[in-house]
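# Observations on the three-dimensional arrangement
One-letter residues, chain by chain:
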Amino acid sequence: MERIVIVGGGAGGLELATRLGDRLGRRGRAEVTLVDRSRTHLWKPLLHEVAAGSMDIHAHQLDYLAQARWHHFRFALGALEGLDRAAREVIVEPVRDDANDVILPGRRLPYDWLVLAIGSESNDFGTPGVASHAFTIDNAWQAHLFHRRLVNACFKANARADGRVLHLAIVGAGATGVELAAELHGTLRMLAAYGLESFSPSRQIRITIVEAGPRILAGLPEYLGVETTRTLEALGVRIVLGDRVVEVTADSIRTASGASIPADFTVWAAGIRGAAVLRDLDGLESNRLDQLVVRETLQSTRDDRVFAMGDCAAAPWGPGRPVPPRAQAAHQQASHLARTLASPARRAAPGAFRYRDLGSLVSLGRYQSVGTLMGFVTGGTWRIEGWLARAFYVALYRMHLYALHGFAGMALDTLARLIHRRTAPQVKLH
Ligand SMILES: Cc1cc2nc3c(=O)[nH]c(=O)nc-3n(C[C@H](O)[C@H](O)[C@H](O)COP(=O)(O)OP(=O)(O)OC[C@H]3O[C@@H](n4cnc5c(N)ncnc54)[C@H](O)[C@@H]3O)c2cc1C
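Described below are features of the structure shown in this document.

Attention now goes to the environment of H420. Looking at the element boundaries, H420 is found in helix α12 (residues 386-423). Assessed through its relative accessible area of 43%, H420 is described here as partly exposed. Between the C-alpha atoms of H420 and L337, which are 83 residues apart in sequence, the distance is 35 Å.

What follows covers the site of the ligand. The environment of the ligand is formed by 29 residues, the closest being G12, D36, L80, D311 and A327. Take P325: an N or O atom from its main chain is 3.2 Å from an oxygen atom of the ligand. For the ligand, whose unbound accessible area comes to 990 Å², protein coverage reaches 89%. Of the residues belonging to the shell around the ligand, the class tally is 14 nonpolar, ten polar and five charged.

Moving on, we come to the sheet that holds strand β7 (residues 89-92). Overall, antiparallel pairing links the three strands, which are arranged β6-β7-β10 in an open sheet. Since the sheet does not close on itself, it has two edges, and those belong to β6 (80-84) and β10 (107-110), each with one partner. Pairwise comparison of adjacent strand axes, ignoring direction, gives a mean angle of 25° for this sheet. Relative to β10, β7 runs antiparallel, the two sharing four bridges. Of the residues in β10, the one forming a bridge with V90 is L109.

With that out of the way, let us pick up the pattern of salt bridges. Under the criterion given, the structure shown has 18 salt bridges. Note that D290 is salt-bridged to R279, the shortest N-O span being 3.0 Å. Of the two residues, D290 sits in the loop between β21 (272-273) and β22 (292-293) while R279 sits in the loop between β21 and β22, which places them eleven residues apart along the sequence. Residue D290 is classed as buried on the basis of its relative accessible area, which comes to 4%. A relative accessible area of 48% means that R279 is categorised as partly exposed. R326 is paired through a salt bridge with D357; the nearest N and O atoms lie 3.8 Å apart. Taken together, the positions of R326 in the loop between β25 (313-314) and α10 (327-342) and D357 in the loop between α11 (344-348) and β26 (359-364) put the pair 31 residues apart, joining distant regions of the chain. Taken together, the shared-partner salt bridges in this structure form one network comprising R3, R88 and D112.

Bringing the nonpolar core into the picture now. If you look at the biggest cluster of nonpolar residues, it comprises 56 residues, and the most contacted ones within it are V178 and L184. In this structure, A17, V115, L116 and L404 belong to the second largest nonpolar core, which totals 54 residues.

Let us now look at the pairing of strand β17 (residues 245-248). Regular strands place side chains that alternate from one sheet face to the opposite one. Note: β17 against strand β18 (residues 252-255), three bridges, orientation antiparallel. Bridge assignment links E247 to a residue of β18, and that residue is R254. Where β17 hands over to β18, the hairpin turn is made up of three residues, counted between the paired strands.

Inspection of every chain in the model, using the stated rule, returns seven aromatic pairs. Ring centres 5.2 Å apart and planes at 25° place the aromatic pair W43 and Y397 in the stacked group. Taken together, the residues span a long stretch of sequence, with W43 in the loop between β3 (40-41) and α2 (47-52) and Y397 in helix α12 at a distance of 354 residues. Taking the relative accessible area as the measure of exposure, Y397 reaches 8% and is therefore buried. The interplanar angle of 20° and the centroid separation of 4.9 Å between the aromatic rings of Y64 and F75 together place this pair among those described as stacked. Here the residue Y64 occupies a position in helix α4 (residues 64-70), and F75 occupies one in strand β5 (residues 74-77), the gap between them amounting to eleven residues. With a relative accessible area of 2%, Y64 lands in the buried category. One aromatic cluster is present, formed by F135, F146 and F265 through successive ring pairs. Sitting above the plane of the W113 ring, R305 keeps its charged end 4.3 Å from the centroid. Positioned above the aromatic ring of W317, the side-chain terminus of R321 is 4.0 Å from the ring centre.

Most peptide bonds are trans, and most residues other than glycine sit at a negative phi. Not every positive phi belongs to a glycine, and R88 is a case in point at roughly 50°. In this structure, R88 sits in the loop between β6 and β7. Classification of R88 as partly exposed rests on a relative accessible area of 31%. One non-glycine residue, A161, lies in positive phi territory at about 50°. Turning to its location among the elements, A161 is positioned in the loop between α6 (140-160) and β14 (166-171).

Reading guide: rules and limits
Residues numbered from 1 in each chain as written. Predicted model: local features only at pLDDT ≥ 70, side-chain atom pairs only at ≥ 80, totals over all residues. Heavy atoms only, no water. Helix = DSSP H or I, 4+ residues; strand = E, 2+ residues; numbered from the N terminus. Buried < 20%, exposed > 50% of the residue type's maximum accessible area, 1.4 Å probe, protein only. Near = heavy atom within 4 Å. Polar contact = N/O pair within 3.5 Å; in protein donor to acceptor, adjacent residues only side chain to side chain. Areas by Shrake-Rupley, 256 points an atom, 1.4 Å probe, with all protein chains shown as cover. Nonpolar A, V, L, I, M, F, W, Y, C, P; charged D, E, K, R; others polar. Pairing = 2+ DSSP bridges. Axes fitted to C-alpha atoms, helices over the stretch in contact; angles between N-to-C directions. Salt bridge = Lys/Arg side-chain N within 4 Å of Asp/Glu carboxyl O. Core = buried A, V, L, I, M, F, W, Y, C linked by side-chain atoms within 4.5 Å. Phe/Tyr/Trp six-rings, centres within 6.5 Å; stacked < 30°, edge-to-face > 60°. Lys NZ or Arg CZ within 6 Å of the ring centre and 35° of its normal.

Nothing here speaks to function; it is geometry throughout.
And the structure:
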(Lines give C-alpha, C1' and ligand atoms only; values in the text may rest on other atoms or scores of the structure.)
Protein backbone atom coordinates (compact mmCIF):
# COMPACT_ATOMS: atom_id res chain seq x y z
CA MET A 1 0.00 0.00 0.00
CA GLU A 2 1.26 3.48 -0.82
CA ARG A 3 1.69 5.86 2.08
CA ILE A 4 0.37 9.40 1.82
CA VAL A 5 1.45 11.73 4.63
CA ILE A 6 -0.16 15.15 5.09
CA VAL A 7 1.55 17.54 7.51
CA GLY A 8 -0.79 20.22 8.90
CA GLY A 9 -4.49 19.62 9.55
CA GLY A 10 -5.84 23.13 8.96
CA ALA A 11 -8.32 24.61 6.50
CA GLY A 12 -6.71 22.65 3.64
CA GLY A 13 -4.89 19.70 5.22
CA LEU A 14 -7.78 18.33 7.27
CA GLU A 15 -10.16 18.49 4.30
CA LEU A 16 -7.59 16.60 2.22
CA ALA A 17 -6.96 13.93 4.87
CA THR A 18 -10.72 13.44 5.30
CA ARG A 19 -11.36 13.04 1.57
CA LEU A 20 -8.40 10.72 1.00
CA GLY A 21 -9.30 8.69 4.08
CA ASP A 22 -12.84 8.23 2.75
CA ARG A 23 -11.68 7.39 -0.78
CA LEU A 24 -8.53 5.36 -0.16
CA GLY A 25 -8.13 4.54 3.53
CA ARG A 26 -11.63 3.08 3.87
CA ARG A 27 -10.98 0.50 1.15
CA GLY A 28 -7.37 -0.19 2.10
CA ARG A 29 -6.10 1.34 -1.18
CA ALA A 30 -3.55 3.59 0.55
CA GLU A 31 -2.44 4.45 4.06
CA VAL A 32 -3.26 8.08 4.82
CA THR A 33 -1.58 9.79 7.80
CA LEU A 34 -2.19 13.31 9.08
CA VAL A 35 0.46 14.97 11.26
CA ASP A 36 -0.33 18.07 13.32
CA ARG A 37 1.35 19.75 16.28
CA SER A 38 -2.05 20.37 17.86
CA ARG A 39 -4.60 17.78 19.08
CA THR A 40 -7.62 19.69 17.86
CA HIS A 41 -8.61 21.59 14.74
CA LEU A 42 -10.23 25.01 14.64
CA TRP A 43 -10.90 26.70 11.30
CA LYS A 44 -8.48 29.64 11.29
CA PRO A 45 -10.83 32.36 9.95
CA LEU A 46 -12.78 31.99 13.22
CA LEU A 47 -9.80 33.08 15.32
CA HIS A 48 -10.62 36.78 15.50
CA GLU A 49 -14.08 35.83 16.83
CA VAL A 50 -12.43 33.65 19.50
CA ALA A 51 -10.10 36.53 20.38
CA ALA A 52 -13.02 38.95 20.67
CA GLY A 53 -15.09 36.46 22.68
CA SER A 54 -18.00 36.11 20.25
CA MET A 55 -17.11 32.46 19.73
CA ASP A 56 -16.28 29.73 22.20
CA ILE A 57 -13.42 27.56 20.93
CA HIS A 58 -14.72 24.54 22.81
CA ALA A 59 -17.90 24.59 20.73
CA HIS A 60 -16.02 24.60 17.42
CA GLN A 61 -12.92 22.48 17.98
CA LEU A 62 -12.68 19.12 16.30
CA ASP A 63 -10.57 16.30 17.74
CA TYR A 64 -8.13 14.98 15.16
CA LEU A 65 -8.22 11.48 16.66
CA ALA A 66 -12.01 11.30 16.33
CA GLN A 67 -12.00 12.65 12.77
CA ALA A 68 -9.26 10.15 11.87
CA ARG A 69 -11.29 7.24 13.21
CA TRP A 70 -14.49 8.35 11.47
CA HIS A 71 -12.73 8.93 8.13
CA HIS A 72 -10.20 6.10 7.97
CA PHE A 73 -6.90 7.92 8.27
CA ARG A 74 -4.23 7.88 10.98
CA PHE A 75 -3.36 10.83 13.15
CA ALA A 76 0.18 11.47 14.39
CA LEU A 77 0.65 14.20 16.99
CA GLY A 78 3.83 16.27 16.67
CA ALA A 79 5.44 19.21 14.91
CA LEU A 80 7.36 18.93 11.67
CA GLU A 81 11.07 19.11 12.47
CA GLY A 82 12.64 18.20 9.16
CA LEU A 83 12.60 16.03 6.09
CA ASP A 84 14.82 13.26 4.77
CA ARG A 85 14.01 13.20 1.07
CA ALA A 86 16.50 10.47 0.22
CA ALA A 87 14.89 8.08 2.72
CA ARG A 88 11.41 9.58 2.07
CA GLU A 89 10.79 10.21 5.75
CA VAL A 90 9.16 13.07 7.64
CA ILE A 91 10.99 13.93 10.88
CA VAL A 92 8.60 14.78 13.73
CA GLU A 93 9.67 16.57 16.92
CA PRO A 94 9.19 14.90 20.33
CA VAL A 95 5.90 15.90 22.01
CA ARG A 96 6.23 17.33 25.51
CA ASP A 97 3.66 18.10 28.19
CA ASP A 98 3.33 21.33 30.23
CA ALA A 99 6.10 20.16 32.60
CA ASN A 100 8.40 19.61 29.58
CA ASP A 101 8.33 15.82 30.04
CA VAL A 102 8.43 13.87 26.78
CA ILE A 103 5.08 12.21 26.03
CA LEU A 104 6.02 10.97 22.56
CA PRO A 105 9.62 10.65 21.35
CA GLY A 106 10.77 12.16 18.06
CA ARG A 107 9.77 9.95 15.13
CA ARG A 108 10.39 9.37 11.44
CA LEU A 109 7.29 8.72 9.34
CA PRO A 110 7.85 7.08 5.96
CA TYR A 111 5.95 8.40 2.93
CA ASP A 112 5.53 7.71 -0.76
CA TRP A 113 3.70 11.02 -1.29
CA LEU A 114 3.97 13.99 1.01
CA VAL A 115 1.72 17.06 1.29
CA LEU A 116 2.91 20.01 3.37
CA ALA A 117 0.04 22.17 4.63
CA ILE A 118 1.37 23.81 7.79
CA GLY A 119 -0.13 27.26 7.16
CA SER A 120 1.54 30.53 8.09
CA GLU A 121 2.39 32.68 11.07
CA SER A 122 2.43 36.41 11.73
CA ASN A 123 5.30 38.31 10.18
CA ASP A 124 6.71 40.88 12.60
CA PHE A 125 9.34 42.06 10.07
CA GLY A 126 11.87 42.03 12.93
CA THR A 127 10.09 44.93 14.68
CA PRO A 128 11.47 45.38 18.22
CA GLY A 129 9.07 44.56 21.05
CA VAL A 130 6.53 42.53 19.04
CA ALA A 131 7.60 39.16 20.44
CA SER A 132 7.50 40.35 24.06
CA HIS A 133 4.66 42.90 24.08
CA ALA A 134 2.23 42.14 21.25
CA PHE A 135 -0.36 39.43 20.83
CA THR A 136 -0.57 37.52 17.59
CA ILE A 137 -3.62 35.53 16.57
CA ASP A 138 -2.06 32.61 14.76
CA ASN A 139 -3.73 29.77 16.61
CA ALA A 140 -6.59 28.97 18.98
CA TRP A 141 -4.44 29.16 22.10
CA GLN A 142 -3.15 32.65 21.30
CA ALA A 143 -6.66 33.87 20.50
CA HIS A 144 -7.99 32.37 23.74
CA LEU A 145 -5.14 33.91 25.77
CA PHE A 146 -5.75 37.37 24.32
CA HIS A 147 -9.44 37.15 25.13
CA ARG A 148 -8.81 36.02 28.70
CA ARG A 149 -6.35 38.87 29.37
CA LEU A 150 -8.76 41.39 27.90
CA VAL A 151 -11.67 40.16 30.01
CA ASN A 152 -9.42 40.33 33.08
CA ALA A 153 -8.47 43.92 32.22
CA CYS A 154 -12.16 44.83 31.94
CA PHE A 155 -12.93 43.21 35.31
CA LYS A 156 -10.02 45.14 36.86
CA ALA A 157 -11.21 48.41 35.32
CA ASN A 158 -14.70 47.72 36.66
CA ALA A 159 -13.35 47.06 40.18
CA ARG A 160 -11.17 50.20 40.09
CA ALA A 161 -14.12 52.27 38.89
CA ASP A 162 -11.81 55.19 38.10
CA GLY A 163 -12.90 55.73 34.50
CA ARG A 164 -9.39 55.07 33.13
CA VAL A 165 -9.31 54.44 29.37
CA LEU A 166 -8.13 51.05 28.06
CA HIS A 167 -6.27 51.43 24.76
CA LEU A 168 -6.30 48.62 22.19
CA ALA A 169 -4.00 48.94 19.18
CA ILE A 170 -4.23 46.68 16.16
CA VAL A 171 -1.26 46.77 13.81
CA GLY A 172 -2.26 45.94 10.25
CA ALA A 173 -5.49 46.82 8.47
CA GLY A 174 -5.94 43.62 6.52
CA ALA A 175 -9.08 41.51 6.94
CA THR A 176 -7.91 40.11 10.29
CA GLY A 177 -7.22 43.55 11.79
CA VAL A 178 -10.41 45.28 10.70
CA GLU A 179 -12.65 42.31 11.50
CA LEU A 180 -11.09 42.02 14.95
CA ALA A 181 -11.64 45.74 15.63
CA ALA A 182 -15.34 45.49 14.83
CA GLU A 183 -15.82 42.27 16.80
CA LEU A 184 -14.08 43.77 19.84
CA HIS A 185 -16.24 46.86 19.66
CA GLY A 186 -19.36 44.69 19.86
CA THR A 187 -18.30 42.07 22.37
CA LEU A 188 -16.81 44.50 24.92
CA ARG A 189 -20.16 46.27 25.03
CA MET A 190 -21.94 42.97 25.57
CA LEU A 191 -19.45 41.95 28.24
CA ALA A 192 -20.07 45.18 30.14
CA ALA A 193 -23.82 44.60 29.90
CA TYR A 194 -23.35 41.35 31.90
CA GLY A 195 -22.87 43.18 35.17
CA LEU A 196 -19.80 45.43 34.78
CA GLU A 197 -21.72 48.43 36.07
CA SER A 198 -18.65 50.61 36.73
CA PHE A 199 -17.09 50.07 33.31
CA SER A 200 -18.32 51.93 30.24
CA PRO A 201 -16.84 50.67 26.94
CA SER A 202 -18.05 53.72 25.00
CA ARG A 203 -16.00 56.01 27.28
CA GLN A 204 -13.26 53.63 28.42
CA ILE A 205 -12.30 51.64 25.32
CA ARG A 206 -10.27 53.21 22.50
CA ILE A 207 -9.46 51.05 19.49
CA THR A 208 -6.80 52.24 17.03
CA ILE A 209 -5.78 50.49 13.82
CA VAL A 210 -2.34 51.42 12.47
CA GLU A 211 -1.52 50.60 8.86
CA ALA A 212 1.73 51.26 6.99
CA GLY A 213 0.03 51.36 3.57
CA PRO A 214 -2.15 54.14 2.15
CA ARG A 215 -5.49 52.35 2.66
CA ILE A 216 -7.14 49.57 4.63
CA LEU A 217 -7.80 46.11 3.13
CA ALA A 218 -5.04 46.72 0.58
CA GLY A 219 -5.31 43.33 -1.14
CA LEU A 220 -9.09 43.58 -1.63
CA PRO A 221 -11.26 45.68 -3.99
CA GLU A 222 -11.26 49.40 -3.12
CA TYR A 223 -15.02 49.42 -2.53
CA LEU A 224 -14.55 47.12 0.48
CA GLY A 225 -11.97 49.49 1.96
CA VAL A 226 -14.27 52.50 1.57
CA GLU A 227 -17.32 50.77 3.09
CA THR A 228 -15.30 49.27 5.94
CA THR A 229 -13.64 52.59 6.78
CA ARG A 230 -17.06 54.25 6.94
CA THR A 231 -18.41 51.62 9.33
CA LEU A 232 -15.35 51.55 11.59
CA GLU A 233 -15.17 55.33 11.85
CA ALA A 234 -18.87 55.46 12.73
CA LEU A 235 -18.06 53.05 15.58
CA GLY A 236 -15.33 55.41 16.83
CA VAL A 237 -12.41 53.22 15.73
CA ARG A 238 -9.41 55.42 14.93
CA ILE A 239 -7.59 54.49 11.72
CA VAL A 240 -4.01 55.68 11.19
CA LEU A 241 -2.78 55.15 7.62
CA GLY A 242 0.64 55.48 5.98
CA ASP A 243 2.62 55.14 9.20
CA ARG A 244 4.78 52.08 9.90
CA VAL A 245 5.09 50.75 13.44
CA VAL A 246 8.79 50.66 14.42
CA GLU A 247 8.54 49.53 18.04
CA VAL A 248 6.05 48.00 20.45
CA THR A 249 6.48 48.63 24.18
CA ALA A 250 4.47 47.41 27.18
CA ASP A 251 2.05 50.36 26.96
CA SER A 252 2.47 52.01 23.55
CA ILE A 253 3.49 51.65 19.96
CA ARG A 254 5.92 53.96 18.19
CA THR A 255 5.64 54.73 14.51
CA ALA A 256 8.10 55.81 11.80
CA SER A 257 6.68 59.37 11.85
CA GLY A 258 7.68 59.62 15.53
CA ALA A 259 4.16 59.28 16.91
CA SER A 260 3.54 57.35 20.11
CA ILE A 261 0.14 55.67 20.34
CA PRO A 262 -1.00 54.42 23.76
CA ALA A 263 -1.62 50.67 23.76
CA ASP A 264 -2.44 48.58 26.82
CA PHE A 265 -3.01 45.72 24.38
CA THR A 266 -1.32 45.45 21.00
CA VAL A 267 -2.41 42.88 18.44
CA TRP A 268 0.03 42.31 15.61
CA ALA A 269 -1.78 41.43 12.37
CA ALA A 270 0.51 43.05 9.83
CA GLY A 271 1.24 40.22 7.43
CA ILE A 272 2.17 36.58 7.30
CA ARG A 273 5.15 34.37 6.55
CA GLY A 274 5.90 30.65 6.39
CA ALA A 275 7.34 28.77 9.38
CA ALA A 276 11.13 28.77 9.85
CA VAL A 277 11.22 24.98 9.40
CA LEU A 278 10.43 25.52 5.70
CA ARG A 279 13.46 27.79 5.13
CA ASP A 280 15.72 24.94 4.09
CA LEU A 281 13.70 21.79 4.20
CA ASP A 282 16.22 19.29 2.90
CA GLY A 283 16.95 21.43 -0.14
CA LEU A 284 13.38 22.27 -1.21
CA GLU A 285 13.01 25.71 -2.80
CA SER A 286 11.48 28.40 -0.57
CA ASN A 287 10.92 32.12 -1.16
CA ARG A 288 11.86 35.15 0.98
CA LEU A 289 8.67 34.64 3.05
CA ASP A 290 9.72 31.05 3.80
CA GLN A 291 6.91 29.59 1.71
CA LEU A 292 7.65 26.50 -0.36
CA VAL A 293 7.75 27.29 -4.05
CA VAL A 294 5.53 24.91 -6.01
CA ARG A 295 4.63 24.43 -9.67
CA GLU A 296 1.13 24.61 -11.15
CA THR A 297 0.65 20.98 -10.13
CA LEU A 298 1.37 22.02 -6.49
CA GLN A 299 4.48 19.81 -6.58
CA SER A 300 7.62 21.28 -5.10
CA THR A 301 9.97 22.64 -7.77
CA ARG A 302 12.65 20.17 -6.67
CA ASP A 303 10.80 16.99 -5.75
CA ASP A 304 7.83 15.42 -7.55
CA ARG A 305 6.91 13.41 -4.43
CA VAL A 306 6.42 16.51 -2.28
CA PHE A 307 3.35 18.72 -2.68
CA ALA A 308 2.57 21.92 -0.74
CA MET A 309 -0.71 23.78 -0.41
CA GLY A 310 -2.43 26.60 1.47
CA ASP A 311 -0.61 29.46 3.16
CA CYS A 312 2.73 27.62 3.35
CA ALA A 313 2.94 27.32 -0.45
CA ALA A 314 3.78 29.89 -3.11
CA ALA A 315 1.74 28.54 -6.02
CA PRO A 316 1.64 30.42 -9.34
CA TRP A 317 -1.54 32.35 -10.26
CA GLY A 318 -0.90 34.35 -13.39
CA PRO A 319 2.36 36.15 -14.21
CA GLY A 320 4.38 37.00 -11.12
CA ARG A 321 1.38 36.56 -8.84
CA PRO A 322 1.03 33.78 -6.26
CA VAL A 323 -2.27 32.25 -5.14
CA PRO A 324 -3.35 34.43 -2.17
CA PRO A 325 -3.22 33.05 1.39
CA ARG A 326 -6.93 32.49 1.88
CA ALA A 327 -9.18 29.76 3.21
CA GLN A 328 -10.96 29.54 -0.15
CA ALA A 329 -7.60 28.85 -1.85
CA ALA A 330 -6.72 26.15 0.71
CA HIS A 331 -10.19 24.61 0.19
CA GLN A 332 -9.80 24.55 -3.61
CA GLN A 333 -6.28 23.14 -3.40
CA ALA A 334 -7.48 20.39 -1.03
CA SER A 335 -10.16 19.38 -3.55
CA HIS A 336 -7.60 19.44 -6.36
CA LEU A 337 -5.06 17.33 -4.45
CA ALA A 338 -7.76 14.89 -3.33
CA ARG A 339 -8.45 14.21 -7.02
CA THR A 340 -4.73 14.06 -7.84
CA LEU A 341 -3.77 11.68 -5.06
CA ALA A 342 -6.85 9.47 -5.32
CA SER A 343 -5.51 7.30 -8.14
CA PRO A 344 -2.01 5.94 -8.93
CA ALA A 345 -2.27 7.24 -12.52
CA ARG A 346 -3.01 10.82 -11.43
CA ARG A 347 -0.33 10.72 -8.74
CA ALA A 348 2.20 9.87 -11.44
CA ALA A 349 1.00 12.65 -13.78
CA PRO A 350 -0.69 15.39 -11.71
CA GLY A 351 -2.83 18.01 -13.45
CA ALA A 352 -2.44 21.77 -13.02
CA PHE A 353 -4.29 23.60 -10.26
CA ARG A 354 -6.29 26.67 -11.37
CA TYR A 355 -7.32 29.06 -8.61
CA ARG A 356 -10.77 30.60 -9.05
CA ASP A 357 -11.17 33.78 -7.05
CA LEU A 358 -14.81 33.61 -5.96
CA GLY A 359 -14.71 37.06 -4.38
CA SER A 360 -13.92 38.66 -1.04
CA LEU A 361 -16.00 39.09 2.08
CA VAL A 362 -15.42 41.17 5.18
CA SER A 363 -17.56 40.71 8.26
CA LEU A 364 -17.66 43.55 10.77
CA GLY A 365 -19.44 41.52 13.43
CA ARG A 366 -23.02 42.56 14.03
CA TYR A 367 -22.50 45.97 12.41
CA GLN A 368 -21.94 45.30 8.73
CA SER A 369 -20.82 42.73 6.18
CA VAL A 370 -19.60 43.71 2.74
CA GLY A 371 -18.18 41.76 -0.13
CA THR A 372 -17.66 41.23 -3.79
CA LEU A 373 -18.58 38.13 -5.75
CA MET A 374 -17.08 37.18 -9.07
CA GLY A 375 -19.69 36.76 -11.78
CA PHE A 376 -18.27 33.92 -13.84
CA VAL A 377 -20.94 34.16 -16.52
CA THR A 378 -20.88 37.96 -16.92
CA GLY A 379 -17.17 38.25 -16.05
CA GLY A 380 -17.88 41.22 -13.77
CA THR A 381 -17.79 41.75 -10.03
CA TRP A 382 -20.93 41.95 -7.91
CA ARG A 383 -21.04 44.07 -4.79
CA ILE A 384 -23.00 42.65 -1.91
CA GLU A 385 -23.64 43.86 1.61
CA GLY A 386 -25.78 43.30 4.70
CA TRP A 387 -27.43 39.95 5.33
CA LEU A 388 -26.52 38.62 1.87
CA ALA A 389 -22.80 39.28 2.43
CA ARG A 390 -23.06 37.77 5.91
CA ALA A 391 -24.78 34.68 4.46
CA PHE A 392 -21.94 34.16 1.97
CA TYR A 393 -19.39 34.73 4.74
CA VAL A 394 -21.02 32.07 6.91
CA ALA A 395 -21.32 29.78 3.86
CA LEU A 396 -17.52 29.61 3.59
CA TYR A 397 -17.35 27.96 7.02
CA ARG A 398 -20.30 25.73 6.17
CA MET A 399 -18.40 24.54 3.07
CA HIS A 400 -15.52 23.57 5.34
CA LEU A 401 -17.87 21.68 7.68
CA TYR A 402 -19.45 19.99 4.66
CA ALA A 403 -16.00 18.82 3.50
CA LEU A 404 -15.29 17.43 6.99
CA HIS A 405 -18.64 15.92 7.97
CA GLY A 406 -20.78 15.59 4.81
CA PHE A 407 -24.20 17.21 4.38
CA ALA A 408 -26.01 15.49 7.28
CA GLY A 409 -23.15 16.20 9.69
CA MET A 410 -22.99 19.85 8.65
CA ALA A 411 -26.77 20.28 8.99
CA LEU A 412 -26.84 18.67 12.46
CA ASP A 413 -23.88 20.75 13.56
CA THR A 414 -25.60 23.95 12.41
CA LEU A 415 -28.81 22.99 14.21
CA ALA A 416 -26.94 22.16 17.42
CA ARG A 417 -25.23 25.56 17.36
CA LEU A 418 -28.52 27.38 16.80
CA ILE A 419 -30.00 25.64 19.83
CA HIS A 420 -26.87 26.30 21.89
CA ARG A 421 -27.05 30.04 21.07
CA ARG A 422 -30.49 30.20 22.70
CA THR A 423 -29.15 29.04 26.05
CA ALA A 424 -25.64 30.54 26.16
CA PRO A 425 -24.50 34.16 26.53
CA GLN A 426 -23.68 35.88 23.22
CA VAL A 427 -20.19 36.62 24.48
CA LYS A 428 -17.66 34.48 26.32
CA LEU A 429 -17.48 35.84 29.88
CA HIS A 430 -14.26 34.17 31.05
C1 LIG B 1 -8.16 35.87 12.06
C2 LIG B 1 -8.13 35.36 10.65
C3 LIG B 1 -9.25 35.54 9.83
C4 LIG B 1 -9.23 35.06 8.51
N5 LIG B 1 -10.33 35.22 7.74
C6 LIG B 1 -10.36 34.71 6.49
C7 LIG B 1 -11.52 34.83 5.68
O8 LIG B 1 -12.49 35.45 6.08
N9 LIG B 1 -11.50 34.28 4.44
C10 LIG B 1 -10.42 33.60 3.97
O11 LIG B 1 -10.47 33.11 2.82
N12 LIG B 1 -9.30 33.46 4.72
C13 LIG B 1 -9.23 34.00 5.96
N14 LIG B 1 -8.10 33.86 6.72
C15 LIG B 1 -6.94 33.15 6.16
C16 LIG B 1 -7.14 31.64 6.31
O17 LIG B 1 -7.39 31.33 7.66
C18 LIG B 1 -5.90 30.89 5.84
O19 LIG B 1 -5.59 31.30 4.53
C20 LIG B 1 -6.14 29.38 5.85
O21 LIG B 1 -6.46 28.93 7.15
C22 LIG B 1 -4.91 28.64 5.34
O23 LIG B 1 -5.15 27.28 5.43
P24 LIG B 1 -3.93 26.26 5.61
O25 LIG B 1 -4.52 24.89 5.56
O26 LIG B 1 -2.84 26.60 4.66
O27 LIG B 1 -3.34 26.57 7.06
P28 LIG B 1 -4.04 26.61 8.48
O29 LIG B 1 -5.50 26.59 8.37
O30 LIG B 1 -3.37 27.70 9.22
O31 LIG B 1 -3.58 25.21 9.13
C32 LIG B 1 -2.24 24.91 9.40
C33 LIG B 1 -2.20 23.67 10.28
O34 LIG B 1 -0.84 23.24 10.38
C35 LIG B 1 -0.53 22.96 11.74
N36 LIG B 1 0.90 23.22 11.90
C37 LIG B 1 1.53 24.41 11.87
N38 LIG B 1 2.86 24.22 12.00
C39 LIG B 1 3.06 22.90 12.12
C40 LIG B 1 4.22 22.09 12.27
N41 LIG B 1 5.46 22.61 12.32
N42 LIG B 1 4.06 20.76 12.33
C43 LIG B 1 2.82 20.18 12.28
N44 LIG B 1 1.69 20.92 12.14
C45 LIG B 1 1.82 22.25 12.05
C46 LIG B 1 -1.41 23.89 12.55
O47 LIG B 1 -1.65 23.38 13.85
C48 LIG B 1 -2.69 23.91 11.69
O49 LIG B 1 -3.56 22.87 12.07
C50 LIG B 1 -8.08 34.37 8.03
C51 LIG B 1 -6.96 34.20 8.85
C52 LIG B 1 -6.98 34.70 10.16
C53 LIG B 1 -5.77 34.50 11.05
